[in-house]
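The chain contents come next:
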Amino acid sequence: MDHQESLTAYIAAIVSELIFTGVTDVVVSPGSRSTPMAMIMAEHPDLNVHIHVDERSAAFFALGIAKSLNKPVAILCTSGTAAANYFPAIVEARYARVPLIVLTADRPHELREVGAPQAIDQIHLYGKHVKWFSEMALPEKSDEIIRYARTICARAVAIAKSAPSGPVHLNFPFREPLVPKLDDELFQLHERPNGYVKVSTGDLTMAEEEYKEIAEKLSKTTRGIIVCGTIVDDIFPEAVTRLAEKLKFPIIADPLSQLRSGKHSLDNIIEAYDTFLRNDDAKVFLKPDVILRFGAMPISKALTIFIKENGDAEQYVIDGGGGWRDPALLSTNMIFCNESLFCEKIETYTVEKSSADFLTAWKRVNQLSKDTMISLSDITDLSEGRLFYQLAEMLPEGAALFVGNSMPIRDLDSFFLSNHKTIKVMANRGANGIDGTVSTALGAALNSSSLYLVLGDLTFFHDLNGLIAAKLYNININIILINNNGGGIFSFLPQSEHPKNFELLFGTPLGIDFEHAVKMFNGNYIKIKDWDHFGVEMRKSINSTGINVFELETNRERNRDEHREFWGYVSREISNFVIGEQ
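Predicted, not measured: the structure shown is a model, and the values here were computed from it.

1. Some words on the sheet that holds strand 15 (residues 451-456)
Picture the strands of a sheet paired through backbone hydrogen bonds; they go either parallel or antiparallel. Strand order in the open sheet formed by 6 strands is 14-13-15-16-18-17, and the pairing between neighbours is parallel. The open sheet terminates on both sides in strands that have one partner only, identified here as strand 14 (424-426) and strand 17 (524-527). Within the sheet, the average angular offset between the axes of one strand and its neighbour, ignoring direction, is 20°. Bridge analysis of strand 16 (residues 477-483) against strand 18 (residues 547-553) gives 7 bridges, and the strand direction is parallel. In the sheet register, asparagine 483 faces strand 18, and the bridge partner there is glutamate 553. Helix 15 (residues 407-415) rests against strand 13 (400-403), strand 14 and strand 15 of the sheet, and its axis sits at about 130° to strand 13. Each of strand 13, strand 14, strand 15 and strand 16 touches helix 16 (residues 437-445); the most contacted strand, strand 15, lies at about 170° to it.

2. Side note on the pattern of salt bridges
By the definition in use, this model includes 27 salt bridges. A salt bridge links glutamate 110 to arginine 175, with the nearest nitrogen and oxygen atoms 2.8 Å apart. Linking glutamate 110 in the loop between strand 4 (100-106) and strand 5 (132-135) with arginine 175 in the loop between strand 6 (167-173) and helix 7 (208-219), this pair joins segments that are 65 residues apart in sequence. Arginine 175 gets classed as partly exposed once you look at its relative accessible area, which sits at 36%. A salt bridge links lysine 283 to glutamate 309; the shortest N-O distance between them is 3.1 Å. Here lysine 283 is found in helix 10 (residues 280-285), whereas its partner glutamate 309 is found in helix 11 (residues 301-309), with 26 residues between them in sequence. Residue class for glutamate 309 comes out partly exposed when judged on its relative accessible area of 48%. Residues participating in the shared-partner salt-bridge network are Asp106, Arg112 and Glu135.

3. Points about the packing of aromatic side chains
For the coordinates displayed, the defined rule picks out 13 aromatic pairs. Note on phenylalanine 460 and phenylalanine 514: the rings are 5.3 Å apart at their centroids and 45° apart in plane angle, and the pair reads as tilted. With phenylalanine 460 in helix 17 (residues 457-462) and phenylalanine 514 in helix 20 (residues 514-520), this residue pair connects regions lying 54 residues apart in the sequence. Assessed through its relative accessible area of 0%, phenylalanine 460 is described here as buried. Residue phenylalanine 514 is classed as buried on the basis of its relative accessible area of 1%. Joined through ring pairs, the aromatic side chains of Tyr211, Phe236, Phe294 and Phe342 make up one cluster. Over the face of the ring belonging to tryptophan 567 we find arginine 278, whose NZ or CZ atom lies 3.7 Å from the ring centre.

4. Quick look at the environment of isoleucine 225
Within the element layout of this structure, isoleucine 225 appears in strand 7 (residues 224-228). Given a relative accessible area of 0%, isoleucine 225 falls into the buried group. Considering only alpha carbons, one finds isoleucine 225 and isoleucine 291, 66 residues apart in sequence, at a separation of 5.1 Å. Excluding residues within four positions of it along the chain, isoleucine 225 makes contact with Phe249, Pro250, Ile252, Pro288, Val290, Ile291, Leu292, Phe306, Phe358 and Trp362.

5. Some words on a nonpolar patch on the surface
On the surface, Leu204, Trp324, Leu329 and Phe336 cluster together to form a nonpolar patch covering roughly 450 Å² of accessible area. Following the sequence through the fold, phenylalanine 336 ends up in the loop between strand 12 (333-335) and helix 12 (339-348).

6. Digging into the packing of helix 3 (residues 55-69) against helix 16
Two numbers describe how helix 3 lies on helix 16: the axes approach to 6 Å, and their chain directions differ by 40°. It follows from the interaxial angle that helix 3 and helix 16 lie oblique. Considering how the two elements wind past one another, helix 3 and helix 16 form a crossing that is right-handed. In contact with Ser57, Phe60, Phe61, Leu63, Gly64, Ile65, Lys67 and Ser68 of helix 3, helix 16 contributes Ser439, Thr440, Leu442, Gly443 and Ala444. Each residue belonging to the contact of helix 3 with helix 16 can be placed in one class, and the counts come to 6 nonpolar, 6 polar and 1 charged.

7. Quick notes on the nonpolar core
With 60 residues, the main nonpolar core has Phe276, Trp362, Leu387, Leu391 and Leu401 as its most contacted residues. No other element matches the 6 residues that helix 22 (residues 556-581) contributes to this core. Setting aside its immediate chain neighbours within four residues, phenylalanine 276 contacts Ile270, Ala282, Leu286, Trp362, Val365, Asn366, Ser369 and Ile574. By size, the runner-up hydrophobic cluster in this structure holds 51 residues, among which are Ala58, Phe60, Leu442 and Ala517.

8. Comments concerning unusual backbone geometry
With omega at -5°, the peptide bond leading from alanine 163 into proline 164 counts as cis. Omega for the peptide link from glutamate 176 to proline 177 comes to 0°, which places this bond in the cis form. Checked against the element boundaries, proline 177 lands in the loop between strand 6 and helix 7. For histidine 124, which is not glycine, the phi dihedral falls at a positive 55°. Inspection of the secondary structure assignment puts histidine 124 in the loop between strand 4 and strand 5. Even without a glycine there, the phi angle at lysine 248 is positive, about 60°.

9. Let's talk about the sheet that holds strand 3 (residues 73-77)
Across the sheet, which stays open at both edges, the 6 strands sit in the order 2-1-3-4-6-5 with parallel pairing between neighbours. Strand pairing shows two members of the sheet lacking a second neighbour, strand 2 (48-51) and strand 5, which therefore form its edges. If you compare each strand with its neighbour and ignore which way they point, the axes differ by 20° on average. With 4 bridges connecting them, strand 5 and strand 6 associate as parallel partners. Paired with serine 134 across the bridge in strand 6 is leucine 170. Packed onto the sheet, helix 6 (residues 143-161) meets strand 4, strand 5 and strand 6 and runs at close to 165° relative to strand 5.

Rules used in this analysis
Residues numbered from 1 in each chain as written. Predicted model: local features only at pLDDT ≥ 70, side-chain atom pairs only at ≥ 80, totals over all residues. Heavy atoms only, no water. Pairing = 2+ DSSP bridges. Helix = DSSP H or I, 4+ residues; strand = E, 2+ residues; numbered from the N terminus. Axes fitted to C-alpha atoms, helices over the stretch in contact; angles between N-to-C directions. Contact = heavy atoms within 4.5 Å. Salt bridge = Lys/Arg side-chain N within 4 Å of Asp/Glu carboxyl O. Buried < 20%, exposed > 50% of the residue type's maximum accessible area, 1.4 Å probe, protein only. Phe/Tyr/Trp six-rings, centres within 6.5 Å; stacked < 30°, edge-to-face > 60°. Lys NZ or Arg CZ within 6 Å of the ring centre and 35° of its normal. Patch = residues over 30% accessible without salt bridge, like charges linked within 9 Å, V, L, I, M, F, W, Y side chains within 5 Å. Areas by Shrake-Rupley, 256 points an atom, 1.4 Å probe, with all protein chains shown as cover. Parallel < 35°, antiparallel > 145°, perpendicular 65-115°, else oblique. Left-handed = near helix turned anticlockwise from the far one by under 90°. Nonpolar A, V, L, I, M, F, W, Y, C, P; charged D, E, K, R; others polar. Core = buried A, V, L, I, M, F, W, Y, C linked by side-chain atoms within 4.5 Å.

Here is the structure:
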């Protein structure tokens, strides 16, 4: 059988199956060995093909698209180190539970381990960081192999989507010649007949008796809290807030839980916990007997310590992905059940409590902490804490907010208060790295009407080349660059008490003028002078297009001192309040 016909039919079947299973976007990095798949993908009218020359950024770009769409996105590259450059984003996708379909072209078997160029061992290249791997058969046009190709593809997408979502890897050996036969009948031969497999999946659940038993226990508990980390489920906010109202439990809402912003009830949302849980009096006053935990581990170290210190509390971890999110090994009940379904079922079997004393205590301490945040508005110098305190007010309705790791995500946790705007908050918190942040945000911006990225100077530098996607595809993004000339988070860690080599090893000042880099990608650069200037530029940003970078220069040491002074002030106020209540 003609090699070109076999190659074309085989790949056309795979691309057709990707479309049938709901994949609409693929990020392709140019290369020789991936030629047949790239050319056929470009021919399909229902597939959005995004070209990104840097595989490392390309994979993060796809990660951002998948985060914004909440569905699988494919990535395609050639053989060799191109595939290795996917690794950081794949690791992030695995731990953040983001579905990626990783397609790597490879040398055929006879060219492996014989010194052929651009040939590395790609079998199980990503190890346990992918949910599933398959070494694909060489292309054939036979009915059996076409059915095999479509079945493997359907299986891969289903595995990537099923809870917990994550990346899968298909490795394709291709022989030369690599150019497929492109004609009007390319995909007509591969209309899906009823004979091909369709994969159906469902949510994890429990027996009704188990729901009733848990609901009965929780109904008898007066001192319970709900802790919510990262959750990707549009119906979860309504479900958990209704449950909290019936149980009279406060909801400690991580900023990535999507509970701090939205049209759902905010009555029982607690968002200033990272500040007041540093206070020993508050921790005793607010000690729970039961902890319900949904989603990933929270960002706040103060909250994590509080959970650990309450090891005698009954702790329920509810995970619809069937994972084991319990680093402190304190859970008493590990429940593999869809989070929204769990909330709905427990609420059904729960009688609303009349007493709300414990909930009221949490809300009063939370409000006291929020009231003291007004003092942040008195900081006249450009300040990282004040930035995040004012951000919710400044962002337009419907905005998406992507936040870099290290100090920015922690300040978001501490100072971003609840609001009734529809603001989707995102970050790369799977492996918590700073790599690929710009690229991921740009991928998310493809499907967002207005996206704001807040990140530090080291994070921005680490992925500057990711800005090429915005230039090539006219992506609109507003970047708030906090430049404290180094790693600001290290100033809060014990190593800061050893100044001899602190700047060399941890502070790592770069001294970069970012204006030149931004303009290289046709971006607009604005150096923020003061808070009034920042307010004016943020209002203008609502209607801005292209890349807009607003740089705020801050001081690492002053930022550390401001945080500590603020925490100390709040702590004193809370201690006075708690003593007065006892």
